[in-house]
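Residues per chain, in single letters:
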Amino acid sequence: EAQVTQNPRYLITVTGKKLTVTCSQNMNHEYMSWYRQDPGLGLRQIYYSMNVEVTDKGDVPEGYKVSRKEKRNFPLILESPSPNQTSLYFCASGRGEAYNEQFFGPGTRLTVL
Amino acid sequence: TQLLEQSPQFLSIQEGENLTVYCNSSSVFSSLQWYRQEPGEGPVLLVTVVTGGEVKKLKRLTFQFGDARKDSSLHITAAQPGDTGLYLCAGEEIYGTYKYIFGTGTRLKVLA
């Protein structure tokens, strides 16, 4: 089954404790991206990667890092999480062609205490 | 950063009614997508519009891209309970950059 998977689905952590949210897609997509979704603010793009060689910042990259060492994986790293990073996170992938359709994962709900 | 404003934010209607959701910006987008998101899931693409004035139909859903490519609308005819969900518009700032701006969403509830 073609899908985008994220792990973990739920995570409660404490301020300053480094964490990684994994994202993997099995559709051989070039494009991958991370978003956060907050009430009243919609989805905001954190980072995106057009291919394994190119990664760029979205609208809200502060406090996040990403890595695209291979096509299928695009982990999101929070080196020192803070409470304002409590949010619902979505990973997405796409073929990277014209008018790119994005396929979203099921989401990771993160709470930083 | 370009902004996409959606209206209304919330909409509760009876089965069989028609409705329109709007997505507006002061800036031009190269393309605009509409997604639907259900609780506990990620958004799912409904349609992409790319040409000013373009109209696309998906069964009872009609999508229109404004002539100036600054706004879009989603019209649902004879809404059904299965249409319930969060509707999101998303614009690509510059063609081919894969930088997307999402609207704040319209939460639709269709009552049986």
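Just so it is clear, the structure is predicted and the values come from calculations on it, not from any experiment.

What counts, and where the lines are drawn
- Residues numbered from 1 in each chain as written.
- Chains lettered and ligands numbered in written order.
- Predicted model: local features only at pLDDT ≥ 70, side-chain atom pairs only at ≥ 80, totals over all residues.
- Heavy atoms only, no water.
- Helix = DSSP H or I, 4+ residues; strand = E, 2+ residues; numbered from the N terminus.
- Buried < 20%, exposed > 50% of the residue type's maximum accessible area, 1.4 Å probe, protein only.
- Contact = heavy atoms within 4.5 Å.
- Areas by Shrake-Rupley, 256 points an atom, 1.4 Å probe, with all protein chains shown as cover.
- Buried area = accessible area lost by both parts, 1.4 Å probe.
- Salt bridge = Lys/Arg side-chain N within 4 Å of Asp/Glu carboxyl O.
- Polar contact = N/O pair within 3.5 Å; in protein donor to acceptor, adjacent residues only side chain to side chain.
- Phe/Tyr/Trp six-rings, centres within 6.5 Å; stacked < 30°, edge-to-face > 60°.
- Patch = residues over 30% accessible without salt bridge, like charges linked within 9 Å, V, L, I, M, F, W, Y side chains within 5 Å.
- Pairing = 2+ DSSP bridges.
- Axes fitted to C-alpha atoms, helices over the stretch in contact; angles between N-to-C directions.

S.K.: I tried to follow the overall build of chain A on my own but got confused; where do I start?
M.R.: When helices and strands are counted, chain A shows zero helices and 11 strands. Ordering the α and β elements of chain A from the N terminus gives β-β-β-β-β-β-β-β-β-β-β. Overall size of chain A, expressed as C-alpha extent along the three principal axes, is 40 × 30 × 30 Å. Buried positions account for 48% of the 113 residues belonging to chain A. Nonlocal contacts in chain A, meaning residues at least 24 apart in sequence, comprise 54% of its contacts between residues at least 6 apart. As presented, chain A carries roughly 5,400 Å² of accessible surface, and 50% of it is formed by carbon and sulfur atoms.

S.K.: Looking at this structure, I do not really get the interface of chain A and chain B. What am I missing?
M.R.: Interfaces are often described in size by the accessible area the parts lose on coming together. In this complex, chain A contributes 25 residues to the contact, which on the side of chain B involves 25 residues. Of the roughly 1,900 Å² buried where chain A meets chain B, counting both sides, 54% is carbon and sulfur surface. Three residues, L43(A), D59(A) and Y99(A), lead the burial of chain A against chain B; their summed loss comes to 30% of the area buried on that side. For the pair chain A and chain B, the interface holds zero salt bridges. Linking chain A with chain B are six residue pairs in polar contact (both at pLDDT 80 or more).

S.K.: Please explain unusual backbone geometry as it appears in this structure.
M.R.: In most cases, non-glycine residues show a negative phi, while peptide bonds are predominantly trans. Following N7(A), the chain continues into P8(A) via a peptide bond in cis, with omega recorded as -5°. Following the sequence through the fold, P8(A) ends up in the loop between β1 (4-7) and β2 (10-13). In the segment running from S7(B) into P8(B), the intervening peptide bond is cis, with an omega of -10°. With respect to the helices and strands, P8(B) occurs in the loop between β1 (5-7) and β2 (10-14).

S.K.: What is the right way to look at the packing of aromatic side chains in this model?
M.R.: By convention here, two paired aromatic rings are described through the distance between centres and the angle between planes. For the coordinates displayed, the defined rule picks out 10 aromatic pairs over all chains. Ring geometry for Y31(A) and Y98(B): centres 5.4 Å apart, planes at 50°, overall tilted. Here Y98(B) lies in the loop between β9 (85-92) and β10 (100-102) and Y31(A) lies in strand β4 (residues 31-38), a pairing that spans two chains. Given the relative accessible area of 10%, Y98(B) is considered buried.

S.K.: Would you mind showing me how to read the side chain of S49(A) here?
M.R.: Residues and elements named next belong to chain A. Along the chain, S49 turns up in strand β5 (residues 42-51). Judged by relative accessible area, S49 falls into the buried class, the value being 0%. From its side chain, S49 meets the backbone oxygen of V54 in a polar contact 2.9 Å long. Reaching out from S49, the side chain makes a polar contact with the side chain of R68 at a distance of 2.8 Å.

S.K.: Sorry if this is basic, but what is going on with the pattern of salt bridges here?
M.R.: Where side chains of opposite charge bring their charged atoms close, a pairing between them can arise. Residue and element names in this part refer to chain A. A complete count under the given rule lists eight salt bridges over all chains for this structure. One salt bridge in this structure joins D38 and R44, with 2.9 Å as the shortest N-O distance. A single network of salt bridges, built from pairs that share partners, joins K18, K65 and E79.

S.K.: Teacher, can you tell me more about a nonpolar patch on the surface here?
M.R.: Residue and element names in this part refer to chain A. A cluster of nonpolar side chains, contributed by I12, V14 and L113, occupies part of the molecular surface with about 320 Å² of accessible area. Position of V14 relative to the elements: it lies in the loop between β2 and β3 (19-25). Since its relative accessible area comes to 44%, V14 is described here as partly exposed.

S.K.: Sorry, what's going on with the sheet that holds strand β7 (residues 61-65) of chain B here?
M.R.: Sheet strands pair by backbone hydrogen bonding; their relative direction is either parallel or antiparallel. All names here are of chain B. Read across the open sheet, the five strands follow the order β1-β3-β8-β7-β6; overall the sheet is antiparallel. If you trace the sheet from one side to the other, it starts and ends with β1 and β6 (55-58), each paired once. Within this sheet the neighbouring strands show an average axis-to-axis angle of 15°, counted without direction. One ladder, built from three bridges, connects β1 with strand β3 (residues 19-24); its direction is antiparallel. Bridge assignment links E5 to a residue of β3, and that residue is N24.

S.K.: Any chance you could explain the pairing of β6(B) here in plain terms?
M.R.: Moving residue by residue along a regular strand, the side chains alternate between the two faces of the sheet. Residue and element names in this part refer to chain B. By the bridge criterion, four bridges tie β6 to β7 in an arrangement that is antiparallel. The partner of V55 across the bridge, within β7, is Q64. Counting the residues that bridge the hairpin from β6 to β7 gives two residues, and of these K59 lies at a positive phi of roughly 55°.

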